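# Residue-level structure breakdown
Residues per chain, in single letters:
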Amino acid sequence: MQDGNDATPRGSRSRRTSVRYGLLALTGLAMLGCGSSSATPSSGVGGAGGVHAGGSDAGGGGDVGPKPPAEGPIVLDGCLGQTGISERCTLVTNASACTGAKCSKLVVVFSGGEMGCVKGSGYNDVLAGYASRGYAAVCINYFDTSMGSGTAPYIDEAARIDLAVREATTGAWAQAYWTGADLLLEGISHGATAPVILMARTKLDEQAHWHGSHFTAGCFFDGAYDQAATASLLATGASGGKPCTVPVSYTRWLERYCGAGATGATCDLSTNPKAVEDTITSVLPANFAIRDFKLFECGSALPVCSGDIVAGPPVQALCKNLDASPTHTCSFSSLPKDGHLTCHANQYESCRTWFEGLLPP
C-alpha cells in the first residue's frame, strides 16, 4: 500500500533480483574486457586541474597511466555532438573516502537542468555527505549549459547520458576508487527524468556499466514522467493564471518538443510523438533492467512556479506501476512542503538510508 509515506520494500524480491543483476554485471564486464581492444583509452590528464576523457568509447580503459585525482572534474569531449548539441559532459568527483582502499559503494548523481555539478554548492554538499559515509561519489552534468539541456526531448539525450554513466562507473577514476560492488543512481528534476526515461524506453540500462556487481538501485526526486501534465501545471501557475516563467518556464517545456516559438495553441504535448514517448507512467516494469526504486514528489503543497514545478501524481503513478510487478520494488515519498529546488539537497540522506536498508548481505 502506498501513500505519502515510504512503502515497505519487499526485501526478499529485491535480493533475488540483485543477485541476478550482480551476475549479469560481472558477465558484462568480462565481455567488455574481451571486446574493447580498439577503444580509446579512458582518460588522460587534462587542463584546468581536471581530466579529459576521449571519444565516444570513453570508459573502461584499464589501469593505464597515473592514478587520477580523487576529487575534481572529468570533462568528456565525447559528448560533443551527442543529441546534435555541441556541448560536453562533465563529471565532478569526490572519492576522498576511498584513497586508502577502494570504496564498495558508488553514488552517481544526475544534475537538474541547470547543470549545477560544477558551480552548484548543493551538489557539492551531497557528494561530500556521501563521502563522509564511505562512498565514492560523482555528479554528472550531461550538458555544459541549461540552454543545452532544454533543447531536445529527454529520450534523445539517452546516448550522452549513457556515455557519461559509462565513464562514471568504468573509467579510470571509478577503477581507481570503487570496487564495482554497489551502485546507487540518484537525480533531481531533469536528472530524475532523462535517466529514468532512458531506462523505460531503451535497453541501454541492461549494459554492465549501469549495474554494480553486487547491488544496484535508483532514487529520484521530482522527475517529469508525464510531459503534458507538467506543461499543464506550468501553463497557469503564475500570478493571475499566467504561465510560469522562472525558475522553469512553461515555454521551455513546449519548445523542447515543438521548437522555438512554440505555444499552447501550436504544441499539444498529449499528442506530440516525442512527448508521448517521454511519458512513461504506464510503461511495462519489465522494460526497467534496474529493479529497485525510490521516487519522491516535491513541493505539491507550495505555490506553482516557485515551489511546485513538476506534476506530482505521475511520479506516484510510475512508482505504483513498478511496485505492482513481482520483479520490481518502488517506494514512494511525498515532500509537499519541500520545494523542487531544495528537496534533493535537503533529503538526499533518505536515499542513502533506503539504499543501505536494501543492500543484500
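Counting of residues starts from 1 at the beginning of each chain's written sequence and follows it residue by residue. Local features in this predicted model are restricted to residues of pLDDT 70 or higher, and side-chain atom pairs are both shown and tallied only at a pLDDT of 80 or more, whereas totals for entire chains, interfaces and linings draw on every residue. To get the side-chain values, take all heavy atoms of the structure and skip hydrogens and water.

### Some details on the confidence of the model for the chain
Values of pLDDT, the confidence the predictor places in each residue, fall between 0 and 100. In this model, the chain carries a mean pLDDT of 87, and residues with pLDDT of at least 70 account for 83%. Contacts: residue pairs with any heavy atoms within 4.5 Å of one another. A low-confidence stretch, residues 55-62 (pLDDT under 50), is modelled with 26 contacts involving residues beyond four sequence positions or located in other chains.

### Examining helix 6 (residues 190-201)
Strands here mean DSSP runs of E at least two residues long; helices mean DSSP runs of H or I at least four residues long; both are numbered from the N terminus. Expected helix span is computed as 1.5 Å times (number of residues minus one). The terminal C-alpha atoms of helix 6, which comprises twelve residues, lie 16 Å apart, in line with the 16 Å expected from a rise of 1.5 Å per residue. For helix 6, the tally of buried residues reaches eleven of twelve residues, placing the bulk of the element in the interior. Considered for burial, the residues of helix 6 that qualify are H190, G191, A192, T193, A194, P195, V196, I197, L198, M199 and A200. For each residue, the accessible area found with a 1.4 Å probe, counting protein chains only, is set against the maximum for its type, and the residue is called buried under 20%, exposed over 50%, and partly exposed in between.

### Thoughts on the packing of helix 7 (residues 227-235) against helix 8 (residues 250-258)
Lines fitted to the C-alpha atoms define the axes, with helices restricted to the stretch that makes contact. Angles between their N-to-C directions range from 0 to 180 degrees. Look at helix 7 against helix 8: their axes get within 8 Å of each other, and the N-to-C directions meet at 145 degrees. In this structure, helix 7 crosses over helix 8, and the sense of that crossing is left-handed. For the pair helix 7 and helix 8, contact is made by Q227, T230, A231, L234 and A235 and by Y250, W253 and Y257, respectively. When grouped by side-chain class, the residues that make up the contact of helix 7 with helix 8 number six nonpolar, two polar and no charged. Here is the rule for handedness: rotate from the far helix to the near one, and if that takes an anticlockwise turn smaller than a right angle the crossing is left-handed, while a clockwise turn gives right-handed. Charged means Asp, Glu, Lys or Arg here, nonpolar means Ala, Val, Leu, Ile, Met, Phe, Trp, Tyr, Cys or Pro, and polar covers whatever is left, Gly included.

### Regarding the state of the cysteines
Note on terminology: disulfide denotes any pair of cysteine sulfur atoms within 2.5 Å. Under the criterion given, the structure shown has eight disulfides. Covalently, C244 is tied to C305 through a disulfide, its sulfur atoms 2.0 Å apart. With the S-S bond torsion at -85 degrees, the cross-link from C244 to C305 turns out left-handed. Note that C244 is positioned in the loop between helix 7 and helix 8 and C305 in the loop between strand 9 (292-298) and helix 10 (313-323), a separation of 61 residues in sequence. As far as the burial class goes, C244 and C305 line up, both buried. A sulfur-sulfur distance of 2.2 Å marks the disulfide that ties C298 to C343. With the S-S bond torsion at 85 degrees, the cross-link from C298 to C343 turns out right-handed. Residue C298 is found in strand 9, and its partner C343 is found in helix 11 (residues 343-358); the two are separated by 45 residues along the sequence.

### Considerations on the pattern of salt bridges
Just to be clear on terms, a salt bridge is a Lys or Arg side-chain nitrogen sitting within 4 Å of an Asp or Glu carboxyl oxygen. Considering all chains together, one arrives at eight salt bridges under this definition. Between K203 and E206 there is a salt bridge, with the nearest N and O atoms lying 3.9 Å from each other. Judged by relative accessible area, which is 39%, E206 ranks as partly exposed. One salt bridge in this structure joins E277 and K274, with 3.9 Å as the shortest N-O distance. Taken as a pair, E277 and K274 lie in helix 9 (residues 273-277) at a separation of three residues, close to a single helical turn. A residue is classified by how much of its surface remains accessible, and K274, at 32% relative accessible area, is partly exposed. Taken together, the salt bridges that share partners define one network made up of R133, E349, R352 and E356.

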